[in-house]
Amino acid sequence: MDATQRLVDELRTHALVLGEVVLTSGLTAQYYVDAKRAILRPAGFAALGEIVAAKAAEWGATAAGGLTMGADPVACAALAGGFDGKAFFVRKETKQHGLQRRIEGPTLDADERCLIVEDVVTTGGSTIQAIEAVREAGHEIVGVVAVLDRLAGGAERIEVEAGAPFYPCATIDQVYPDRPDRS
C-alpha cells in the first residue's frame, strides 16, 4: 500500500468526526476532519512524512512550514520523512518578548525556497496568513501541501495567493466519499 492510501486510511479511521461542527472559517459542517488525530500517530505521521518530503524535493524546497498548530506536525513529519531542509512555524502575530519573531525555528536565509504546509484546508484563510508572513519576510514560496483538502474552494484561492502549486495529500472525497453534502 502506498503512502497516500495509508494516510487516507489513517484519516478515515482516526480523524473523521461525524456531527455538526463550526469550522475555523465560521461555516457549519456535518462532519469534521481533525487531521492531528491521525497524523500524530506513527502510521499517519510516517505516511505524511513520506509524501511531504517527496513533494518538497520535487519542488526544490529548502524550508517547510506554515501557520503554527496546523502546520507544526506536517513540517516535523517532512523532516522525519527525509526532507533535507529546515522546518519553521509562523505565529499568528509577532512574539512580543524574547527574540520577537513571527517565524520560529532555524533562521531562514534570504534565498530560502519555502514550502507552505497545512493540516486541513477549507477556505484557505490560515494558509494565506502563512504565505503572507513568509513573503513579508522576503522568502519565495515554491508550493503548498495540505494533509487534507475539504474541496470547499480553498485550494484555488491558495494557488492564486501563493502564485505556486497546491497539492493535497488527500481530499475529503477519498476520506469520506459517502458524506451527505457530496455533490
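Refer to the structure presented above.
Now for a look at the structure at hand. (Residues numbered from 1 in each chain as written. Predicted model: local features only at pLDDT ≥ 70, side-chain atom pairs only at ≥ 80, totals over all residues. Heavy atoms only, no water.)

## Some points on the sheet that holds strand E5 (residues 103-104)
Spatial ordering of the open sheet is given by E5-E4-E3-E6-E7-E8, a layout of six strands whose pairing is mixed. The two strands at the open ends of the sheet, each matched to only one other strand, are E5 and strand E8 (166-171). Pairing geometry for strand E7 (residues 140-149) and E8, over five bridges, is parallel. When the bridges of E8 are listed, Asp-149 appears paired with Thr-171. Relative to strand E6 (residues 113-121), helix H5 (residues 125-136) is tilted by about 165°, and along the sheet it contacts strand E3 (63-67), strand E4 (86-90), E5, E6 and E7. (Pairing = 2+ DSSP bridges. Helix = DSSP H or I, 4+ residues; strand = E, 2+ residues; numbered from the N terminus. Contact = heavy atoms within 4.5 Å. Axes fitted to C-alpha atoms, helices over the stretch in contact; angles between N-to-C directions.)

## What to know about helix H6 (residues 154-162)
Along H6, the positions that sit buried rather than exposed are Gly-154, Ala-155, Ile-158 and Ala-162. The buried residues of H6 all sit within an arc of 95° when viewed along its axis, so they share a single face. Along H6, the residues that are exposed and aim more than 90 degrees away from the buried face are Glu-156 and Val-160. The elements touched by buried residues of H6 are E6, H5, E7 and E8. (Buried < 20%, exposed > 50% of the residue type's maximum accessible area, 1.4 Å probe, protein only. Arc of directions from axis to C-beta.)

## Notes on the side chain of Asp-149
Mapping Asp-149 onto the fold places it in strand E7. The charged side chain of Asp-149 is buried without a salt bridge, its nearest counter-charge being Arg-150 at 7.8 Å. A distance of 2.8 Å separates a polar atom in the side chain of Asp-149 from the backbone nitrogen of Leu-151. Those residues in contact with Asp-149 that sit more than four places away from it in its chain are Val-121, Ala-155, Phe-166, Pro-168, Ala-170, Thr-171 and Ile-172. (Lys, Arg positive; Asp, Glu negative; His and termini not counted. Salt bridge = Lys/Arg side-chain N within 4 Å of Asp/Glu carboxyl O. Polar contact = N/O pair within 3.5 Å; in protein donor to acceptor, adjacent residues only side chain to side chain.)

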